Amino acid sequence: MVNDKKFQVEIFNFPSVSSTQKWVLNDSRIDKLLNENPSEKLTKKNFFILTWILYIYVIPFSRVIYYYLKQFFIGGYKNKKTITSLILHSGRGYDTNNIQKFFQINTNEMNLIYAFSLTDYMKYEKLSIFTLLRNLAIAIADYKSVLTMKFPDEIIGILYGNTANISVFTYLLSFFQQLKEKYPDCTVYSAGAILPSHAAILSEHITINMYHGLMDKINLSTFPEYDSVCVYSYDERKYLIDAGIKSKVLTYPMMKAESHKNIAIFFMPSVASNEIDWSVFSESFLSLTKLFKTFDYDLYIKVHPLVKASKKFSKEYNLQPYNWDKIFNLSNFIYVDGSDAASIINKLKPSFIISWGSTALCEALNMGLIPITLWDTCWDSSQSVYPINKRALLWPSEMEIIQNLLDDKSIYDDVVEMLKTR
C-alpha cells in the first residue's frame, strides 16, 4: 500500500533547492554538517544562525513568491458552479469510491483535487500576495514554536516534513481560507492527505477522512481533528475511540452476502509492494488452489486497482506492475474486474476470499464470508490496527479448519462468528 502520509515537496514542482533533505535543526544535525566540512571556519553558533535564516526564512519566502507567480500561468476551471464538496484524492483512481457509501453526493457536483499537487489547487483559486505573506509569517512562527517545545524529531517530521513544507502549508492554508470565504458550506473529503486536511480544518471547513484501505496506527499528536473518520472495521473504530480522538468514527456499511457458491476469489497484492519476494508463496498458493479444485471450486483472480494507476502516479511512487502468471500457476483462474471487493462479492457470491493483507479480507468478513490469508505466521502487525491474523483463517497453519469447511458447509456460519470474535 502506498503511504499517503508521505508528503513529498518535490511533487509541487518547485525548482530544486535541496528540497528532499530533512533539515531538522537540532544539535546532532548541526554537528554532523560541521564535521562534514572541517575546513569551514564557522562557529557552531554562527552556522546555526545562518542555517536558521536560510531554511526558516529565505527559502520559504522564495517558494511562496514562486507559488504566487506560478498560479497566474495555470488555467482555471471554466463554468465553475458553487462548490459544496471538495474531494482531496491521492491519485490512485479508486480512493473516492467509498464516499457514496455514506454521503449521497451528486457526481456532477463532486470537485476533485489531487491532494499532493499545488497546481491542482491553483486551478480553483488565485490567491493574493498579502494573504500568502500573512500566513507565511504565521507558519514560520508556528514552526519555530514547535521546535522550541523539544518534541521528538519524528513528531516534527510527521507534522511538517521539512522546512520546505512551511511554504506548502502557507499556500494550502491560504487556499482553504479563501475557499471558506467564497463557499462557506463547502465540505472537504480527504483520502488521507494529512497536511491539506490540517489546513482545511484550521480554515473551519467540515473535514471528513475517508480511509480507502485498512488504516495504520496513528500518532495522536499529529492526527488531524476531523469532523468524522470513516473506517472499514470495528477493530479500527475501537482503536481510534480508545486513542482519544475527538472525531466521530463511522464504519462503512456492508450488506451481508445472500448466498455462497463454490467460488473462491484471490485478491492480488498492491504493485507498490516491490520489496517482497512473492515467489516464496508459490508453494502455499499452489497447494491452496489444488485443494479448492479438488472440491470443484471455480477460481477467480482480481488484480490490484493500482495496476491501472496513471503514468504520473506510477512514476511518482515507482510502481512496477507484477506479471502474476510468471510467479504463480494461474492456468485455472478467471480474471475478474470491479470497482471494489464488495461489488465483486455481490456479483459472484463466493464462499471464500483469499489474499495477503488486502482490505478485501476485512470486507469479506463484514459481509459474512470467510477470508483466508496467505501471510500465515509471517504477518507483521507492528503498524496495523486490523488484526488480519485473527480475522482470517491462516494458510497453511489452519489447513484443517479450511478442509473441514469444504467437507461440511454446515459449520460455515460458526467459523464466521469465531473469526469476528477471536
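In this report, we go over the structure that sits alongside the text. Model, not experiment: these values are computed from the prediction.

1. A look at the pattern of salt bridges
Okay, so step 1: Per the stated rule, a full pass over the model turns up five salt bridges.
Okay, so step 2: For Arg391, the salt bridge is made with Asp235, and the minimal N-O distance between the two is 3.1 Å. Remark: Asp235 occurs in helix H9 (residues 234–243) and Arg391 occurs in helix H14 (residues 388–391); sequence separation between them is 156 residues.
Okay, so step 3: Taking relative accessible area as the criterion, Asp235 reaches 23% and is therefore assigned partly exposed.

2. Concerning the environment of Leu132
Okay, so step 1: Looking at where Leu132 falls in the secondary structure, it is placed in helix H5 (residues 129–148).
Okay, so step 2: Note on Leu132: relative accessible area 1%, which makes it buried.
Okay, so step 3: Put simply, Leu132 and Tyr68 are 64 residues apart on the chain and 7.9 Å apart in space, counted from C-alpha to C-alpha.
Okay, so step 4: Those residues within four positions of Leu132 in sequence are excluded, and the remaining contacts are Val64, Tyr68, Leu127, Thr170, Tyr171 and Ser174.

3. Some remarks on the nonpolar core
Okay, so step 1: Among the nonpolar cores identified, the biggest contains 67 residues, and Phe266, Phe292 and Phe352 are the most heavily contacted of them.
Okay, so step 2: Contacts of Phe352, omitting those with residues within four sequence positions, involve Ile263, Ala264, Ile265, Phe292, Tyr297, Ile370, Ile372, Leu405, Leu406 and Tyr412.
Okay, so step 3: Listed in part, the 37 residues of the second largest apolar core include Ile74, Tyr114, Leu132 and Leu173.

4. Re the sheet that holds strand S7 (residues 263–267)
Strand pairing within a sheet occurs via backbone hydrogen bonds; the two strands may be parallel or antiparallel.
Okay, so step 1: Strands sit in the order S9-S8-S7-S10-S11-S12 across an open sheet of six strands; the sheet is parallel. Since the sheet does not close on itself, it has two edges, and those belong to strand S9 (333–335) and strand S12 (393–394), each with one partner.
Okay, so step 2: Summarising the sheet, S7 and strand S8 (residues 298–302) pair through five bridges and their orientation is parallel. Note on S8: the bridge partner recorded for Ala264 is Leu299.

5. As for the packing of aromatic side chains
Okay, so step 1: Counted by the stated rule, this structure contains 22 aromatic pairs.
Okay, so step 2: An angle of 80 degrees between the planes, with centres 5.1 Å apart, marks the rings of Phe266 and Phe333 as edge-to-face. Of this pair, Phe266 sits in strand S7 while Phe333 sits in strand S9, and the two are 67 residues apart along the sequence.

6. Let's talk about the sheet that holds strand S5 (residues 228–231)
Okay, so step 1: Strand order in the open sheet formed by six strands is S2-S1-S3-S4-S5-S6, and the pairing between neighbours is parallel. One side of each edge strand has no neighbouring strand; the edge strands of this open sheet are strand S2 (111–114) and strand S6 (248–251). Here the average twist between neighbouring strands, direction ignored, is 20 degrees.
Okay, so step 2: Looking at chain direction, strand S4 (residues 206–210) and S5 are connected through three bridges and run parallel. Counted as the bridge partner of Ile208 is Ser228 from S5.
Okay, so step 3: Along the sheet, helix H7 (residues 165–182) makes contact with strand S1 (85–89), S2 and strand S3 (187–190), crossing S1 at roughly 160 degrees.
Okay, so step 4: Helix H8 (residues 194–202) contacts S1, S3 and S4 of the sheet and is inclined by roughly 155 degrees relative to S4.

Reading guide: rules and limits
- The numbers attached to residues start from 1 for each chain and follow its sequence in the written order.
- This being a predicted model, a pLDDT of at least 70 is required before a residue's local features are given, and a value of 80 or more before pairs of side-chain atoms are given or counted; all residues contribute to the totals for chains, interfaces and linings.
- Hydrogens and water molecules were not included; the side-chain quantities draw on all heavy atoms of the structure.
- The salt bridge definition used is simple: a Lys or Arg side-chain nitrogen within 4 Å of an Asp or Glu carboxyl oxygen.
- To qualify as a helix, a DSSP run of H or I must reach at least 4 residues; to qualify as a strand, a run of E must reach at least 2; elements of each kind are numbered from the N terminus.
- Partly exposed describes any residue whose relative accessible area lies between the buried limit of under 20% and the exposed limit of over 50%, with all areas from a 1.4 Å probe on protein chains only and scaled to the type maximum.
- By definition, residues are in contact when any of their heavy atoms lie within 4.5 Å.
- By convention a nonpolar core is built from buried Ala, Val, Leu, Ile, Met, Phe, Trp, Tyr and Cys residues, the set being connected through side-chain atoms within 4.5 Å.
- Paired strands, as defined in this entry, are two strands with at least two bridges between them according to DSSP.
- Stacked, edge-to-face and tilted are the three classes for Phe, Tyr and Trp ring pairs, Trp counted by its six-membered ring, which pair at centre distances within 6.5 Å; planes under 30 degrees apart are stacked, over 60 edge-to-face, the rest tilted.
- Lines are fitted to the C-alpha atoms to define the axes, a helix being fitted only along its stretch in contact, and any angle between axes, read from their N-to-C directions, falls within 0 to 180 degrees.

What is shown is where atoms sit, not what they do.
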